[in-house]
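Coordinate inspection notes
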Amino acid sequence: MSESATRLSVFKTYKLYVGGKFPRSESGRVYEVTDSKGKWLANAPLSSRKDARDAVVAARKAFGGWAGATAYNRGQVLYRVAEMLEGRKGQFVHEVADAEGLSKSKAAAVVDAAIDRWVWYAGWTDKIAQVVGGANPVAGPYFNLSSPEPTGVVTVVAPQDSSFLGLVSVIAPVIATGNTAVVIASEKSPLPALSLGEVLATSDLPGGVVNILSGKAAEMGPHLAAHQDVNAIDLTGAGADLARDLEIAAVDNLKRVLRPRTEDFAESPGTDRMTAFLETKTVWHPTGSLGASGSSY
């Protein structure tokens, strides 16, 4: 072959990330993803109701092991995600620049912030219990202790405009606290989310802890909001009308709902996204019998 021959590029096939694997949509459907100028970038899977149900099954299967892992171990895994992203920074800078119409320098700043966000939440995994839990004063010979526990399977409607930093900002706090997630990626810019699945698959994160779907939130959202095995839903990326419909659907099994709100994801996050999907378990434990002289301890 002549050295002057033009080499054909190998186009990337984007797939869903469900249960630690990379399936195509069971429907076989795809849709065109374009950049901010309308240039074709790729065909993304158009997820179906069946894909959403499969993602919930995978998330529920993974929940026991992930919630039962030590908080320190979860922190190590989240830090590993940051390590892997650091090694693939160039790819994500390119994808974020195309997805959000940013210059390479601005896209690099977004990717750096997303990596730092993983590290930030990794540091919180074994500290959040100290902030929201504790010993409660009671009138009686008892210890009364409150400790946080994960809510369960959380559906996340990812931000539409912040396809990577916003995505990380809504996924990381959910799994940092021991929940598992079914994520509906940005419809118009799903490629950074689908590539994130490749990073998660090589970051010691158990399969099923995060499941990433691409397609129409209006199509998948109602089924996930009404799903009896979904415990909570984050509506950050849902429009006002869709958010209202999903919130109504979520009532049936008393899901926790995080309503849409205006956020600057570049700002330092607080703890509210972690506490939004935590339950509080309170335990009473007798200190011992009390005699005339007081406690036996």
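Throughout what follows, the structure given in this document is the object of discussion. In this text the structure is predicted, and so the values were computed from the model without any measurement. (Residues numbered from 1 in each chain as written. Predicted model: local features only at pLDDT ≥ 70, side-chain atom pairs only at ≥ 80, totals over all residues. Heavy atoms only, no water.)

What follows concerns the overall build of the chain. Secondary structure assignment for the chain yields 10 helices and 12 strands. Along the first, second and third principal axes, the C-alpha atoms of the chain reach 100 × 40 × 35 Å. The buried share of the chain, reckoned over its 297 residues, is 44%. Long-range contacts, defined as pairs at least 24 residues apart, comprise 75% of the intrachain contacts of the chain with a sequence gap of at least 6. By element, 54% of the accessible surface of the chain is carried by carbon and sulfur atoms, the whole surface being about 14,300 Å². (Helix = DSSP H or I, 4+ residues; strand = E, 2+ residues; numbered from the N terminus. Buried < 20%, exposed > 50% of the residue type's maximum accessible area, 1.4 Å probe, protein only. Contact = heavy atoms within 4.5 Å. Areas by Shrake-Rupley, 256 points an atom, 1.4 Å probe, with all protein chains shown as cover.)

Attention now moves to the sheet that holds strand β9 (residues 256–258). Taken together, five strands build an open sheet; the order of strands is β7-β6-β5-β8-β9 and the sheet is parallel. Among the strands making up the open sheet, the edge pair consists of β7 (210–213) and β9. Direction aside, neighbouring strands of the sheet carry axes that sit 15° apart on average. Here strand β8 (residues 232–234) runs beside β9; their pairing, made up of three bridges, is parallel. Bridge pairing links D234 to L258 in β9. Each of β5 (153–157), β6 (180–184) and β7 is contacted by helix α1 (residues 49–68), which is oriented at about 155° to β6, the strand it contacts most. Against the sheet, helix α8 (residues 217–226) touches β5, β6, β7 and β8, its axis set at about 150° to β6. (Pairing = 2+ DSSP bridges. Axes fitted to C-alpha atoms, helices over the stretch in contact; angles between N-to-C directions.)

Moving on to the sheet that holds strand β4 (residues 142–150). Reading across the sheet, the three strands line up as β3-β4-β10 and stay open at both edges, with antiparallel pairing between neighbours. At either margin of the open sheet sits one strand with a lone partner, and together these are β3 (134–135) and β10 (278–286). In the sheet, β3 pairs with β4 via two bridges, with the strands oriented antiparallel. Note that in β4 the partner of A135 across the bridge is L145.

Quick look at the packing of aromatic side chains now. Taken as a whole and assessed by the stated rule, the structure comprises five aromatic pairs. Taking the centre distance of 4.9 Å and the plane angle of 25° together, the rings of F92 and F164 count as stacked. Separated by 72 residues along the polypeptide, F92 in helix α3 (residues 89–100) and F164 in the loop between β5 and α6 (165–176) bring together distant segments of the chain. A relative accessible area of 0% means that F92 is categorised as buried. Given a relative accessible area of 0%, F164 falls into the buried group. Relative to W124, the ring of W120 lies with its centre 5.8 Å away and its plane at 55°, an arrangement referred to as tilted. Of this pair, W120 and W124 both sit in helix α4 (residues 104–124), separated by four residues, roughly a single helical turn. Site record: aromatic cluster; members linked through ring pairs are W120, Y121 and W124. In this structure, R60 is placed above the aromatic ring of F63, and the distance from its NZ or CZ to the ring centre is 5.6 Å. (Phe/Tyr/Trp six-rings, centres within 6.5 Å; stacked < 30°, edge-to-face > 60°. Lys NZ or Arg CZ within 6 Å of the ring centre and 35° of its normal.)

Attention now goes to the environment of D252. Within the secondary structure, D252 is located in the loop between α9 (240–249) and β9. D252 sits 24 residues away from Q228 along the chain, and the two C-alpha atoms are 8.0 Å apart.

A loop of six residues connects β3 with β4, the two strands running antiparallel in sequence. Here β4 pairs with β10 via nine bridges, running antiparallel. The residue of β10 that forms the bridge with Y142 is P286.

What follows concerns α3. For α3, built from 12 residues, the straight-helix expectation of 16 Å at 1.5 Å per residue is met to within 8% by its first-to-last C-alpha distance of 16 Å. Within the span of α3, buried status applies to F92, V93, E95, V96, A97 and A99. Just downstream of α3, G101 is the residue with a positive phi angle, here 65°. (Expected span 1.5 Å × (residues − 1).)

Roughly 540 Å³ of internal volume is contained in the largest pocket. Of all the secondary structure elements, the ones that give two or more residues to the lining of the largest pocket are β2 (40–45), α3 and α7 (191–201). For the lining of the largest pocket, the element with the most residues is α3, which contributes six residues. Tallied by class, the residues present in the lining of the largest pocket amount to 11 nonpolar, eight polar and eight charged. (1 Å grid on protein atoms, 1.4 Å probe; cavity = no way out; pocket = protein on both sides within 12 Å on 5 of 7 lines; lining within 4 Å. Points joined across faces, edges and corners; volume = space filled by probe spheres on them. Nonpolar A, V, L, I, M, F, W, Y, C, P; charged D, E, K, R; others polar.)

Before going further, it helps to spend a moment on the nonpolar core. W118 and I175 are the most contacted members of the largest nonpolar core, which totals 60 residues. Once residues within four sequence positions are removed from consideration, W118 is found in contact with L78, V81, A82, L85, V168, I171, A172, I175, L196 and L200. Counting residues in hydrophobic clusters, the runner-up holds 24 residues, among them A58, L224, A225 and L242. (Core = buried A, V, L, I, M, F, W, Y, C linked by side-chain atoms within 4.5 Å.)

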